[in-house]
Amino acid sequence: MQTLHVVLCEDKTTESNQLLTLIQSSHILTQVTAFTSGEAFLAAFQPGMFDLILMDIYMDGMTGIEAVRQIRRSDPDVPVAFATISLEHALDAYRLDVIKYIEKPPTQKAIDDVLRLALYKKEQQPALSVCLHGKPFFIPAKRLLFAEQDAHYIQFHFVGGQVERQKGRLDELAPQLSGLPFYRCHKSYLANLAFVTGIDPEMRLFYMEGGKTVYIRREQYHKAKTAWESWLLKDMRQDFSNCPQNII
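Notes on the structure follow.

Each value, and the rule that gives it
- Residues numbered from 1 in each chain as written.
- Predicted model: local features only at pLDDT ≥ 70, side-chain atom pairs only at ≥ 80, totals over all residues.
- Heavy atoms only, no water.
- Pairing = 2+ DSSP bridges.
- Helix = DSSP H or I, 4+ residues; strand = E, 2+ residues; numbered from the N terminus.
- Axes fitted to C-alpha atoms, helices over the stretch in contact; angles between N-to-C directions.
- Polar contact = N/O pair within 3.5 Å; in protein donor to acceptor, adjacent residues only side chain to side chain.
- Core = buried A, V, L, I, M, F, W, Y, C linked by side-chain atoms within 4.5 Å.
- Buried < 20%, exposed > 50% of the residue type's maximum accessible area, 1.4 Å probe, protein only.
- Contact = heavy atoms within 4.5 Å.
- Phe/Tyr/Trp six-rings, centres within 6.5 Å; stacked < 30°, edge-to-face > 60°.
- Lys NZ or Arg CZ within 6 Å of the ring centre and 35° of its normal.

Here we come to the sheet that holds strand E12 (residues 189-192). Strand order in the open sheet formed by 5 strands is E10-E9-E8-E12-E11, with antiparallel pairing between adjacent strands. Single-partner strands in this sheet number two, and they are strand E10 (163-167) and strand E11 (182-186). On average, each strand axis in the sheet is tilted by 20° relative to the strand beside it, whichever way the strands run. Here strand E8 (residues 144-150) runs beside E12; their pairing, made up of 3 bridges, is antiparallel. Bridging from a neighbouring strand, Phe 146 pairs with Ala 191 of E12.

Structure representation (structure tokens):
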């Protein structure tokens, strides 16, 4: 079973601990990151970083509604569930494509239901089947910034800064990325065009979300630039499964 990366945004310690206990009591494997304000969460948020956002609506400062509204501008797909004492924001939840509206105090069943739904959505995403640390491991394509050849190993760089290593070659990995927006810009790099934020013509670099850079081979620069610009012209909200089949 895959691990579900959950963010819990709740400003009251007692209620945050209650939700955390219910999440940890579920049979679904989770990794939880907690925030006490919408502002702190937005400062740390990157698209593709989490599999589920569990958001309190009524918080000091920014409300959960406003926080999710800002999140939706950069990540229209991440599952969100509101936890609240009132149903008055049900229409806002509908407009923001929230998957569940959990009334406080939450029950184990309510938390189990939303975790199962988020896990189902994660399992439906395109994923790479690789072997990491001697065990099969599925990497959601939407969280992979780029892959880098490092001697006899491939380093997988993820949204949020996580890095995993697998013994192998990019030549073996590339066929698994068919149909996804990855571009082989260098013999040692496969870049996810969806996470490219800019390009440097002098240094021949892709700038990636999170501040990392990917080298572009001199002979590949114009093709890499064209591939990225073509990606930008596409509907950024489309599913990865609808990407053109010849982008690699």
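Relative to the helices and strands, Ser 26 is located in the loop between helix H1 (13-25) and strand E2 (30-35). Within polar-contact distance, the side chain of Ser 26 engages the side chain of Asp 112 at 3.3 Å.

So, on to the nonpolar core. Core analysis: the biggest nonpolar cluster contains 43 residues, and Phe 41, Ile 53, Met 55, Phe 82, Cys 185 and Phe 206 have the highest contact counts within it. Tallying contributions element by element places helix H7 (residues 221-233) first for this core, with 5 residues. When residues no more than four places from it in sequence are discounted, the contact partners of Met 55 are Cys 9, Phe 41, Gly 64, Ala 67, Val 68, Ala 81, Phe 82 and Ala 83. Residues Ile 23, Ala 110, Leu 115 and Ala 118 belong to the second largest nonpolar core, which totals 17 residues.

The full count for this structure, using the stated rule, is 6 aromatic pairs. Ring plane angle 50° and centroid distance 5.3 Å describe the contact between Phe 35 and Phe 41, whose orientation is recorded as tilted. Residue class for Phe 35 comes out buried when judged on its relative accessible area of 15%. One aromatic cluster is present, built from ring pairs that chain together Phe 35, Phe 41, Phe 45 and Phe 50. Cation over ring: Arg 165 sits above Tyr 153, and NZ or CZ is 4.3 Å from the ring centre.

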